[in-house]
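Notes for the structure review
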Amino acid sequence: MKRLIAYFLIGSVPFFAQEIKFPASLDKLAAKAVESVDVTLDSSMLKLAGKFLSGDDPDSAKVKKLIAGLKGIYVKSFEFSKEGEYSEADVEAVRSQLKAPGWSRIVGVRSKRQGDNAEVYIKSDSNGIVGLTIVAAEPKELTLVNIDGPIDLDQLTDLGGHFGVPKMDLDRSAKPKKAEPK
Amino acid sequence: MSRLDDALREALRREEPAADFTARVLARVASPRPKVSRRRALWETLRLPLRAPKLRWAGAAVLCLVAVFGFQYRRERQVRAEGEQARQQVILALRIAGAKLQVAQAKVDALHSSKAATVRERAKEDQ
């Protein structure tokens with residue numbers, strides 16, 4: 001019996017490992033989307049990916065360093081042919097998890113006129129940033145990114161211009177603010 | 001002694017072949033050899049070295065090694081393919097994350113610049 005419980009606990013680790021869980025309803029959106037991206041990389045897959053990133057190439061070395069301590073990277077991105085294909089509830093299911101202690105919204109832009117929303121949340125503790133979540137909701141596009149683990153924003157910014165990662169000019173001095181009530 | 005002599009003589013006494021013996025031998029020689037017997041002979045020739053026990057064990061060991069290395073090679077290829085896919089997924093994820101961070105940053109910048117412009121306009125109006 002004890003062994004059975006142990007097997008259950010070990011087997012269920014991947015389901016509980018991801019701190020921010022994307023709702024199952026998002027998987028159904030892939031059928032409606034003209035283009036969809038689903039990236040699920042847990043720590044073991046990140047370690048494997050790290051082995052295939054050359055330490056000799058400076059750009060690959062940067063990515064290798066960036067993902068070294070991460071627990072997971074999860075991305076869901078959908079592009080639709082027309083508006084209204086996803087519901088606000090799909091996004092709200094993720095936002096509600098980001099109200100948990102430790103999470104702060106550092107960027108929150110909502111345009112009622114254009115219907116664009118861009119939110120950036122970080123989770124920080126005494127060691128620094130230990131999680132990053134991006135919620136980008138546009139009328140015809142929905143993107144959710146969750147990076148779980150210690151992440152250095154400077155390192156992420158440094159990747160801009162390489163591997164097709166756009167150049168970023170993030171305000172590195174910005175301090176995390178408490179999540180604002182919506 | 002004479003009994004032994006008699007027994008030997010009896011056992012080795014000359015016997016004439018049957019009358020059709022020569023005809024049967026000639027008929028057998030003239031008839032074509034069955035193909036199966038030649039194939040079997042070839043197979044037997046190939047198996048001949050394996051009749052020695054040491055060689056049989058060596059053959060089995062070689063087969064085992066080939067199987068182990070084959071499995072290992074296949075596994076390594078699979079791991080390499082998974083690793084390469086994971087690497088590409090990491091880069092794709094960082095690309096998307098970077099693009100969305102840039103979008104957020106651009107929106108913040110646009111808001112700041114429009115607010116600054118409004119403040120400047122109001123200041124001019126006040127003057």
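An account of the accompanying structure is given in this report. (Residues numbered from 1 in each chain as written. Chains lettered and ligands numbered in written order. Predicted model: local features only at pLDDT ≥ 70, side-chain atom pairs only at ≥ 80, totals over all residues. Heavy atoms only, no water.)

The next subject is the overall build of chain B. For chain B, the count of helices and strands is four helices and zero strands. Helices (α) and strands (β) of chain B occur, in sequence order from the N terminus, as α-α-α-α. Sorting the 127 residues of chain B into buried and exposed places 13% on the buried side. Here chain B displays about 11,400 Å² of accessible surface, and carbon together with sulfur accounts for 60% of that area. (Helix = DSSP H or I, 4+ residues; strand = E, 2+ residues; numbered from the N terminus. Buried < 20%, exposed > 50% of the residue type's maximum accessible area, 1.4 Å probe, protein only. Areas by Shrake-Rupley, 256 points an atom, 1.4 Å probe, with all protein chains shown as cover.)

The next thing to look at is the sheet that holds strand 1 (residues 35-42) of chain A. Residue and element names in this part refer to chain A. Across the sheet, six strands lie side by side as 1-2-6-5-4-3; this open sheet has antiparallel pairing. The open sheet terminates on both sides in strands that have one partner only, identified here as strand 1 and strand 3 (103-111). Taking the axes of each pair of neighbouring strands and ignoring which way they run, one obtains an average angle of 5° across the sheet. Relative to strand 6 (residues 141-148), strand 5 (residues 128-138) is paired through eight bridges, and the arrangement is antiparallel. Residue pairing in the sheet places glycine 131 in a bridge with aspartate 148 of strand 6. (Pairing = 2+ DSSP bridges. Axes fitted to C-alpha atoms, helices over the stretch in contact; angles between N-to-C directions.)

At the junction of the two partners, chain A supplies 40 residues and chain B supplies 26 residues. For the pairing of chain A and chain B, the buried interface totals around 2,800 Å² over both sides, and the portion due to carbon and sulfur atoms is 80%. Seen at the junction of chain A and chain B, the total is three salt bridges. The shortest N-O distance in the salt bridge between B:Lys100 and A:Glu138 comes to 3.9 Å. Summed over the shared surface of chain A and chain B, the result is two residue pairs in polar contact (both at pLDDT 80 or more). (Contact = heavy atoms within 4.5 Å. Buried area = accessible area lost by both parts, 1.4 Å probe. Salt bridge = Lys/Arg side-chain N within 4 Å of Asp/Glu carboxyl O. Polar contact = N/O pair within 3.5 Å; in protein donor to acceptor, adjacent residues only side chain to side chain.)

Moving on, we come to a nonpolar patch on the surface. Residues and elements named next belong to chain B. Together, Leu4, Leu8 and Leu12 make up a nonpolar patch on the protein surface, roughly 330 Å² of accessible area in all. For leucine 8, the position within the fold is in helix 1 (residues 2-11). When its relative accessible area of 46% is taken as the criterion, leucine 8 is described as partly exposed. (Patch = residues over 30% accessible without salt bridge, like charges linked within 9 Å, V, L, I, M, F, W, Y side chains within 5 Å.)

Mapped onto the secondary structure, B:Lys107 falls in helix 4 (residues 53-126). Sequence-distant contacts of B:Lys107, that is, excluding residues within four places in its chain, are made with A:Val109, A:Asp116, A:Asn117 and A:Ala118.

Applying the stated criterion to the full structure yields 16 salt bridges over all chains. Note that A:Arg95 is salt-bridged to A:Glu88, the shortest N-O span being 2.8 Å. The closest approach of N and O atoms between B:Arg9 and B:Asp6, which form a salt bridge, is 3.2 Å. Taken together, the positions of B:Arg9 and B:Asp6, both in helix 1 and three residues apart, correspond to about one turn of that helix. Residue class for B:Asp6 comes out partly exposed when judged on its relative accessible area of 44%. Through salt bridges with shared partners, a single ionic network connects A:Glu88, A:Glu92, A:Arg95, A:Lys99, A:Arg105 and A:Glu119.

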